[in-house]
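Take a look at the letters that make up each chain.
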Amino acid sequence: IKIGLMGVIFKMTKPRTNELELLKLAAEKYDYNPDTGVFTYRTGRKSDIGKIAGNWWHKNFNNHSLFYNILNLVVKGKRFQIKAHRLAWFIVYGEMPDFIDHIKHATSKEYLLNRISNLRAATTRENASNLHKKTSSKYTGVSWHVQKGKWQAKIKMGKKEKYLGLFKDEKEAAKVYQDAVMQL
């Protein structure tokens with residue numbers, strides 16, 4: 001199984017060619033409104049035609065909560081999942097860059113974020129530019145623990161990392177780290 005970074009999940013050997021084939025098939029199944037970012041069923045069961053298509057997929061990346069609208073496609077009995085923003089780009093421009101970036105990222109289930117005006121072709125660096133990691137501290141060995149809502153201190157000794165604890169105060173975590181450094 002191959003998984004494209006921001007693309008299609010597929011079971012094929014040549015991802016670029018096969019991704020384009022899947023996108024062509026998906027473009028026949030779904031209608032896309034570039035102003036709203038909404039996909040609807042063009043084909044399928046009569047009861048589904050015209051209804052909003054897709055499921056929401058949640059991903060945590062660098063402690064950011066991201067949502068992607070996923071469209072399903074069945075080809076010869078195999079199920080594939082296509083990220084809606086990639087299909088949107090393909091429908092509008094007829095081509096597929098390596099990365100498509102959301103200018104504003106989805107932090108909730110918002111169809112508007114798949115509007116063509118919110119998508120851009122991007123390099124790897126551009127794609128990650130609006131996902132800055134907000135957990136680092138100004139102190140070495142200290143970072144913000146999102147789930148616990150506290151500062152944590154860790155020290156690396158060779159290839160091993162030693163957990164030093166959670167702290168309410170960033171400076172307190174830094175002091176514990178400095179004490180651990182002095183004991184090395």
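Because the structure is predicted, anything quoted here is derived from the model rather than measured.

Colleague: Pulling in residues and values, what's your account of the packing of aromatic side chains?
Modeller: Pairs of aromatic rings are described using the distance from one ring centre to the other and the angle between the two planes. Inspection of every chain in the model, using the stated rule, returns 5 aromatic pairs. Between Tyr-30 and Tyr-41, the aromatic rings sit 5.6 Å apart at their centres with planes inclined by 40 degrees, giving tilted as the arrangement. Of this pair, Tyr-30 sits in strand E3 (residues 30-33) while Tyr-41 is found in strand E4 (residues 38-41), placing the two residues 11 residues apart along the sequence. A residue is classified by how much of its surface remains accessible, and Tyr-30, at 2% relative accessible area, is buried. With relative accessibility at 22%, the residue Tyr-41 sits in the partly exposed group. When the centroid spacing of 4.4 Å and the interplanar angle of 45 degrees are considered together, the rings of Trp-89 and Tyr-93 count as tilted. Linking Trp-89 with Tyr-93, this pair stays in helix H2 (residues 84-93), spanning 4 residues, or about one helical turn. When its relative accessible area of 8% is taken as the criterion, Trp-89 is described as buried. Pairwise contacts between aromatic rings join Tyr-30, Tyr-32, Phe-39 and Tyr-41 into one cluster.

About the thresholds
Residues numbered from 1 in each chain as written. Predicted model: local features only at pLDDT ≥ 70, side-chain atom pairs only at ≥ 80, totals over all residues. Heavy atoms only, no water. Phe/Tyr/Trp six-rings, centres within 6.5 Å; stacked < 30°, edge-to-face > 60°. Helix = DSSP H or I, 4+ residues; strand = E, 2+ residues; numbered from the N terminus. Buried < 20%, exposed > 50% of the residue type's maximum accessible area, 1.4 Å probe, protein only.

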